[in-house]
Number of protein chains: 2
Amino acid sequence: MAKQVLDSLDRHILKLISQDARIPFLEVARACNVSGAAIHQRVAKLTNLGIIKGSQFVIDPEKIGYETCAYMGLFLKEPEKFDQVVEELKKIPEVVECHYTTGGFDMFIKIYAVNNHHLLEIIHDKLQPLGLSRSETIISFNAAIDRQLSLKDIQQVSDEEDETTEE
Amino acid sequence: MAKQVLDSLDRHILKLISQDARIPFLEVARACNVSGAAIHQRVAKLTNLGIIKGSQFVIDPEKIGYETCAYMGLFLKEPEKFDQVVEELKKIPEVVECHYTTGGFDMFIKIYAVNNHHLLEIIHDKLQPLGLSRSETIISFNAAIDRQLSLKDIQQVSDEEDETTEE
DNA sequence: AGTGAAACTCCCGGATT
DNA sequence: AATCCGGGAGTTTCACT
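Residues numbered from 1 in each chain as written. Chains lettered and ligands numbered in written order. Predicted model: local features only at pLDDT ≥ 70, side-chain atom pairs only at ≥ 80, totals over all residues. Heavy atoms only, no water.

Thoughts on the pattern of salt bridges
Residues and elements named next belong to chain B.
For step 1, the next point in the chain: Following the criterion strictly, the structure yields 22 salt bridges over all chains and no others.
For step 2, the next point in the chain: Across the salt bridge formed by Lys45 and Asp10, the nearest N and O atoms sit 3.1 Å from each other. One end of the pair, Lys45, is in helix 3 (residues 36-48); the other, Asp10, is in helix 1 (residues 8-17), and 35 residues separate them in sequence.
For step 3, the next point in the chain: Among the salt bridges present, the one from Asp60 reaches Lys63, with a minimum N-O distance of 3.9 Å. (Salt bridge = Lys/Arg side-chain N within 4 Å of Asp/Glu carboxyl O. Helix = DSSP H or I, 4+ residues; strand = E, 2+ residues; numbered from the N terminus.)

Take a look at the structure:
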C-alpha cells in the first residue's frame, strides 16, 4: 500500500496541469527543470495510479442555460437500495454529485437545472420514482466559489525527498 | 441578450473537450467534419463568451491524501459581511465551494480535509474566526458520483444549419 | 527514473472564398 | 465564418545513461 506516492516533482506538475490542462508539457518541463519526456512519463504514472482522473474543459453551467443549482438531501423508502438508486442517478445528466453522508439523509446530491420549474420537473419525474420518502432541497442563488482542491499547501506531508518504494 | 448562443457544432465541440481537454483539436475537427481552424475559432469564441471557464486535469482528492469531504451550513454573526467572508474563504485552499442559498444558512460550503481531525482543525482555526455563530456539518463517506454537467448528446452535425443570429 | 534526438503530429496565424 | 496552407512548436518513442 503506497502512502506517499508524490514527490515534489509530482506536486509541481500537478499544480500546473490542474490549473490549465492545455499547457504544453514542454512548458511544464521548463518550469520544473526537467525534460519533456520526464513530464510525459510522470503524467502517465499519475494517471495509472488514479491520482489524475482525467482532464476537461470546464463549462459554466449558467452560461449554457442551467441557472439553477441545488443540493438535496434524500430519504429513501428502501435505504438498502442505495446502490441501485445511485446507478439510476448516474443516468440523470443533471445530477452531478451523490454522496453517502452523515446527517440523517440517506443520500445527498447536487443537481443543475435550467430553472426552478425544470428542477421541480426533475424531482417529480425522475427522482420521486426512485422511491423517495422525503427530501430537502437547498437552492443556490449564487456560487461565490467553485473550484478544485488546490495543491498549494500540499507539500506538508513530507519535506524529505523520498524514494517511492512501492511494490 | 443571447439566448441560444450554442449551435450544434458548439455543442458537439463542448461535448468532446469537456470529456478530454487534451484531445487534439484536429481530432475534434474530424469528428465534426470541419477544419481544425474552425475548432480553433469556436473554442476561442466560447472562451470569450465565458462559456468555457478554463481547462484542468482532474485530481482525485482521496488519492493525494484528502480523505474527508464535508458540506457545511454556516451562520454568521454578521450576515451582512457575506462578501468579506467569501474573500477570506477564497484564501483557504480546502474550501472548494461557497454558495448563497435558501434553507436558512447564511452560506453553504464544501470542504476537503485530510481526515476528520484536520477538518476540525480547519473549522476551529480558520472558519470560527470569520465570525460564525453556528454551523452544521455533513460529512461525506463516499462520493458515488462526482462529475461535470454533461451536455445532451448531439445529433449528427449535418447539412442543416441553424442560424445563430445574435448581435 | 531521466535525457536527448528523431519522427510525427498539431497549433494557429494569415490569406482567401 | 469556414477553408487551405505553412512555419514553428509540441508530443511521443527509444536507445542510452
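On we go.
Focus: the relation of the copies chain B and chain A
For step 1, the next point in the chain: When chain B is fitted to chain A, the best match, at an RMSD of 0.1 Å, comes from turning it 180 degrees and sliding it 0.0 Å along the axis. The two molecules are tied by a two-fold rotation axis, judged by turn and shift.
For step 2, the next point in the chain: Most of the interface of chain B is mirrored in chain A, where 97% of its interface residues again form contacts. (Least-squares fit on C-alpha atoms with pLDDT ≥ 70 in both. Contact = heavy atoms within 4.5 Å.)

Digging into the confidence of the model for chain A
For step 1, the next point in the chain: Per-residue pLDDT for chain A has a mean of 90; in total, 88% of the residues score no lower than 70.
For step 2, the next point in the chain: Under a pLDDT of 50 for its full length, residues 153-167 of chain A has, in the predicted model, 19 contacts with residues more than four places off or in other chains. (pLDDT = per-residue confidence, 0-100.)

Considerations on the protein's contact with DNA strand C
For step 1, the next point in the chain: Around DNA strand C lies a shell of 14 residues, among which Arg22, Ser35 and Arg42 of chain A together with Phe25 and His40 of chain B are the nearest.
For step 2, the next point in the chain: Per the 4 Å cut-off to the protein, sugar and phosphate atoms form 75% of the nearby atoms of DNA strand C.
For step 3, the next point in the chain: At 3.1 Å, a side-chain N or O of Arg22 of chain A approaches a phosphate oxygen of DNA strand C.
For step 4, the next point in the chain: Contacts to DNA strand C include His40 of chain B, whose side-chain N or O atom sits 3.4 Å from a sugar or linking oxygen.
For step 5, the next point in the chain: At the level of secondary structure, the elements contributing two or more residues to the surface near DNA strand C comprise helix 3 (36-48) of chain A together with helix 2 (25-32) and helix 3 of chain B.
For step 6, the next point in the chain: A per-element tally of the surface near DNA strand C places helix 3 of chain A first, with 4 residues.
For step 7, the next point in the chain: Split into classes, the residues belonging to the surface near DNA strand C amount to 8 nonpolar, 3 polar and 3 charged. (Near = heavy atom within 4 Å. Polar contact = N/O pair within 3.5 Å; in protein donor to acceptor, adjacent residues only side chain to side chain. Nonpolar A, V, L, I, M, F, W, Y, C, P; charged D, E, K, R; others polar.)

Here's the deal with the protein's contact with DNA strand D
For step 1, the next point in the chain: Inspection of the region around DNA strand D gives 14 residues, with Phe25 and His40 of chain A together with Arg22, Ser35 and Arg42 of chain B positioned closest.
For step 2, the next point in the chain: Residue His40 of chain A places a side-chain N or O atom 3.2 Å away from a phosphate oxygen belonging to DNA strand D.
For step 3, the next point in the chain: At 2.5 Å from a phosphate oxygen of DNA strand D is found a side-chain nitrogen or oxygen belonging to Ser35 of chain B.
For step 4, the next point in the chain: When residues of the surface near DNA strand D are traced back to their parent elements, those giving at least two are helix 2 (25-32) and helix 3 of chain A together with helix 3 of chain B.
For step 5, the next point in the chain: Of the residues forming the surface near DNA strand D, the biggest block, 4 residues, is contributed by helix 3 of chain B.
For step 6, the next point in the chain: Its residues assigned to classes, the surface near DNA strand D shows 8 nonpolar, 3 polar and 3 charged.

A short note on the nonpolar core
Buried together is how nonpolar side chains tend to be arranged in soluble globular proteins.
For step 1, the next point in the chain: In terms of nonpolar packing, the biggest core is built from 53 residues, with Leu14 and Ile17 of chain A together with Leu14 and Ile17 of chain B touching the most fellow members.
For step 2, the next point in the chain: For this core, the secondary-structure elements that each account for two or more residues are helix 1 (8-17), helix 2, helix 3 and strand 1 (52-59) of chain A together with helix 1, helix 2, helix 3 and strand 1 (52-59) of chain B.
For step 3, the next point in the chain: For this core, the leading source of residues is helix 1 of chain A, giving 5 residues.
For step 4, the next point in the chain: Each residue touching Leu14 of chain B, except ones within four places of it in the same chain, is listed here: Ile59 of chain A together with Leu6, Leu46, Ile51, Ile52 and Leu151 of chain B. (Core = buried A, V, L, I, M, F, W, Y, C linked by side-chain atoms within 4.5 Å. Buried < 20%, exposed > 50% of the residue type's maximum accessible area, 1.4 Å probe, protein only.)

Comments concerning the packing of helix 2 of chain A against helix 3 of chain A
Residue and element names in this part refer to chain A.
For step 1, the next point in the chain: With their axes 8 Å apart at the nearest point, helix 2 and helix 3 run at an angle of 105 degrees to one another. By the criterion of interaxial angle, the relationship of helix 2 to helix 3 is roughly perpendicular. On helix 3, the residues that touch Phe25, Leu26, Val28 and Ala29 of helix 2 are Gly36, Ile39, His40 and Val43. (Axes fitted to C-alpha atoms, helices over the stretch in contact; angles between N-to-C directions. Parallel < 35°, antiparallel > 145°, perpendicular 65-115°, else oblique.)

Comments concerning the state of the cysteines
For step 1, the next point in the chain: One pass over the full model with this rule turns up 0 disulfides over all chains.
For step 2, the next point in the chain: Lacking any disulfide linkage, Cys69 of chain B is separated from the closest cysteine sulfur, that of Cys98 of chain A, by 12 Å. (Disulfide = S-S within 2.5 Å.)

As for the pairing of strand 5 (residues 132-146) of chain A
For step 1, the next point in the chain: Here strand 2 (residues 68-76) of chain A runs beside strand 5 of chain A; their pairing, made up of 8 bridges, is antiparallel. Among the inter-strand pairings, Met72 of chain A is bridged to a residue of strand 5 of chain A, identified as Thr137 of chain A. (Pairing = 2+ DSSP bridges.)

Focus: the UniProt feature "domain: HTH asnC-type" (unreviewed entry) in chain A
For step 1, the next point in the chain: Following the UniProt record, the feature "domain: HTH asnC-type" (unreviewed entry) maps to residues 6-67 of chain A here.
For step 2, the next point in the chain: Counted over residues 6-67 of chain A, helix gives 50% and strand 13%. Its end C-alpha atoms are 38 Å apart. (UniProt positions renumbered as here; feature names shortened; annotations may be inferred.)

Things to note about the side chain of His118 of chain B
Residues and elements named next belong to chain B.
For step 1, the next point in the chain: Following the sequence through the fold, His118 ends up in helix 5 (residues 116-127).
For step 2, the next point in the chain: For His118, a relative accessible area of 13% puts it in the buried group.
For step 3, the next point in the chain: The residues contacting His118, other than those within four sequence positions of it, are Tyr66, Glu94 and Ala113.

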